[in-house]
Amino acid sequence: MENLRVLQPNKYNVYLGNNITYKLLERFTFDKVLVIADDNLAEIDINNILAAFPNSYLYKVKANEANKSLEEYTKIIDKLTSLSFGKCDYILGFGGGCILDLAGYVASTYKRGIKFISVPTSMLAMVDASVGGKVAINYNGIKNLIGTIYTPEMVIVDPYYLHSLPLRHLNNGLMEAYKMGLTLDAKIIDAIHEKNYLEVINLALLAKINIVNQDPYDNNLRHVLNFAHTIAHAIELEGSILHGEAVAACFKYFILDKDLKNTVIKDLANYIDIKELESFIKNNKNIILENIKNDKKVVNSNNYYINEIFLNKINDYTFKDIQISDYEVLLNE
Ligand SMILES: NC(=O)c1ccc[n+]([C@@H]2O[C@H](COP(=O)([O-])OP(=O)(O)OC[C@H]3O[C@@H](n4cnc5c(N)ncnc54)[C@H](O)[C@@H]3O)[C@@H](O)[C@H]2O)c1
């Protein structure tokens, strides 16, 4: 497997390479494995994963926020119990961010934690959701309300699976990588322009792992990964806009250098409908501001302080505490 790269966040390996999954899984011995798979994946890809284990079971989930739920969680727990899964058995999450968050949360809590393998299949999950250890389900309409930080046994990132990913979701994930390009490593943006997805994922993972290793519990440095996210989360609550699309539409509010800002806005039009996103933001400004007040990062309920990241120029950022009234000024830009 000469194309295999091994990246090392705290305590586990992330294996990255095209068509590495089955060969890699053959190296390990497993007893029982429950594959929790995204039902949009190609049938053949799901069957091949199942065939890589001597004793595998399948649980398919339709990937959406509604299914990152307590109901789905309980159904999977029931399945594990009926199959007598023990602490030495495995759950393999096979899908985009929704599936990995759900499968990881099940793995982190069943019998106080069983072994978890993560195989991301969307671009967003490959560059972001698959590393960092955050796993969660939604509850009462609140995103990621119930969750833990859990270390997987391994993460296998195989860009082969992008073959079936719809273009809109490919670009959505690329926008998260673009964010890491702006804040942490400009070479990521070059790789996006070159459509060199293996390199995009490699560099984005290296950048994220470097930050997460220094601040695994999200106390300070890891906040840089939230670049442009506060307004983006407030936008996502209001419609069918995807996470990466919303984040990218908000880059401009936090880029201080005018030339860089203009270049980025022009470039983004190659990946997202930036005009439509901008008019959505303009038409929903008040509700977006209301949503920001409920952001979980708000540190003082009287003054609504949020520690924000501003980009002086590429790969040069500063943190600054800002208030809700400052977001109003930003949105009026
Ligand atoms: N844990 C973390 O650190 C972290 C980080 C970022 C995002 N997330 C979470 O990830 C979720 C978003 O992830 P996402 O964008 O991957 O969304 P998703 O899981 O909903 O996947 C997007 C769509 O792509 C489809 N899909 C995925 N891979 C495919 C493939 N190879 N072929 C065909 N279709 C495929 C899915 O079925 C779905 O329709 C959110 O719930 C978010 O909260 C978690």
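In every chain, residue numbers begin from 1 and rise along the written sequence. Where local features are concerned, this predicted model is filtered to residues with pLDDT of at least 70; where side-chain atom pairs are given and counted, the filter is 80 or more; whole-chain, interface and lining totals use all residues.

Focus on the pairing of strand 11 (residues 316-322)
Cut-off, in case you're wondering: Between any two strands, pairing holds if DSSP finds at least two bridges. Runs of H or I in DSSP of at least four residues are treated as helices and runs of E of at least two as strands, each being numbered from the N terminus.
Pairing analysis gives 7 bridges linking strand 10 (residues 306-313) to strand 11, with the strands arranged antiparallel. Note on strand 11: the bridge partner recorded for Phe310 is Thr318. Here strand 10 folds back onto strand 11, and the loop between the two strands holds 2 residues, one of which, Asn315, carries a positive phi near 60°.

A few points about helix 3 (residues 70-82)
As a reminder, the rule being used: One less than the number of residues in a helix, times 1.5 Å, gives the span that helix is expected to have. For the exposure call, what matters is how many other C-beta atoms sit within 10 Å of a residue's own: 20 or more marks it buried, 12 or fewer exposed, and in between partly exposed, using C-beta atoms placed from the backbone. Arc definition: directions from the helix axis to the C-beta atoms.
The end-to-end C-alpha separation of helix 3 is 18 Å, in line with the 18 Å expected for 13 residues at 1.5 Å each. Taken together, the buried positions of helix 3 are Glu72, Tyr73, Ile76 and Leu80. With its buried residues spanning 105° around the axis, helix 3 presents them on a single face. The outward face of helix 3, more than 90 degrees from its buried face, is lined by the exposed residues Glu71, Thr74, Asp78, Thr81 and Ser82. At the exit of helix 3 stands Ser84, carrying a positive phi of roughly 55°.

Some words on the domain arrangement of the chain
Note the following rule: Domains are outlined according to an automatic or database domain assignment. Here contacts are defined at the residue level, using C-beta atoms placed from the backbone and a cut-off of 7 Å between them. Residues are grouped as follows: Ala, Val, Leu, Ile, Met, Phe, Trp, Tyr, Cys and Pro are nonpolar; Asp, Glu, Lys and Arg are charged; every other residue, Gly included, is polar.
Considered domain by domain, the chain is made up of domain 1 (5-164) and domain 2 (167-331). Listed as interface residues are 19 residues of domain 1 and, on the opposing side, 23 residues of domain 2. Listing elements by their share of the side of domain 1 that touches domain 2, those giving two or more residues are strand 1 (5-7), strand 2 (13-16) and helix 5 (123-129). Ranked by residues supplied to the side of domain 1 that touches domain 2, first place goes to helix 5 with 5 residues. Grouping the amino acids of the side of domain 1 that touches domain 2 by side-chain chemistry returns 13 nonpolar, 4 polar and 2 charged.

Some details on the packing of helix 9 (residues 229-236) against helix 10 (residues 243-254)
To be explicit about the condition: Helix axes are fitted to C-alpha atoms over the stretch in contact, other axes to C-alpha atoms as well, and angles between N-to-C directions run from 0 to 180 degrees. Roughly parallel refers to an angle under 35 degrees, roughly antiparallel to one over 145, roughly perpendicular to one between 65 and 115, and oblique to any angle outside these ranges. Crossings are classed by handedness, with left-handed meaning an anticlockwise turn of the near helix from the far one by less than a right angle and right-handed meaning a clockwise turn.
Their axes nearest at 8 Å, the elements helix 9 and helix 10 cross at an angle of 135°. Considering the angle they form, helix 9 stands oblique to helix 10. The handedness of the crossing between helix 9 and helix 10 is right-handed. For the pair helix 9 and helix 10, contact is made by His229, Ile231, Ala232, Ile235 and Glu236 and by His243, Ala246, Val247, Cys250 and Tyr253, respectively. Taken together, the residues of the contact of helix 9 with helix 10 sort by class into 7 nonpolar, 2 polar and 1 charged.

A look at the site of the ligand
Let me state the cut-off plainly: Nearness between a residue and a molecule or strand is assessed with a C-beta atom placed from the backbone; a distance within 6 Å qualifies.
Taken together, 28 residues sit near the ligand, with Asn40, Gly96, Gly97, Ser122 and Ser164 positioned nearest. Listed by contribution, the elements that provide at least two residues to the shell around the ligand are helix 4 (97-109), helix 5 and helix 6 (167-183). Within the shell around the ligand, the residues separate by chemical class into 9 nonpolar, 13 polar and 6 charged.

Description of the pairing of strand 3 (residues 33-38)
Most of strand 3 is tucked away: 6 of the 6 residues are buried. Side-chain alternation along strand 3 places Val33, Val35 and Ala37 on one buried face and Leu34, Ile36 and Asp38 on a second face that is also buried. In this structure, strand 3 lies alongside strand 4 (residues 56-61), joined through 6 bridges in parallel fashion. Note on strand 4: the bridge partner recorded for Ile36 is Tyr59.

Quick notes on the environment of Tyr105
For Tyr105, the position within the fold is in helix 4. Separated by 32 residues in sequence, Tyr105 and Ile137 place their C-alpha atoms 7.1 Å apart. Setting aside residues up to four positions removed in sequence, Tyr105 forms contacts with Tyr73, Val135, Ala136, Ile137, Gly147 and Thr148.

Quick look at the nonpolar core
This is how the line gets drawn: Nonpolar cores are identified as sets of buried Ala, Val, Leu, Ile, Met, Phe, Trp, Tyr and Cys residues joined via C-beta atoms within 7 Å.
Core analysis: the biggest nonpolar cluster contains 93 residues, and Ile36, Ile91, Leu102, Val200 and Ala204 have the highest contact counts within it. No fewer than three residues from each of domain 1 (5-164) and domain 2 (167-331) sit in this core. If we skip the residues at most four places from it in the chain, Leu102 touches Ile36, Val61, Lys68, Glu72, Tyr73 and Ile137.

Focus: the environment of Asn312
Position of Asn312 relative to the elements: it lies in strand 10. For the pair Asn312 and Leu260, spaced 52 residues apart in the sequence, the C-alpha separation amounts to 9.3 Å.

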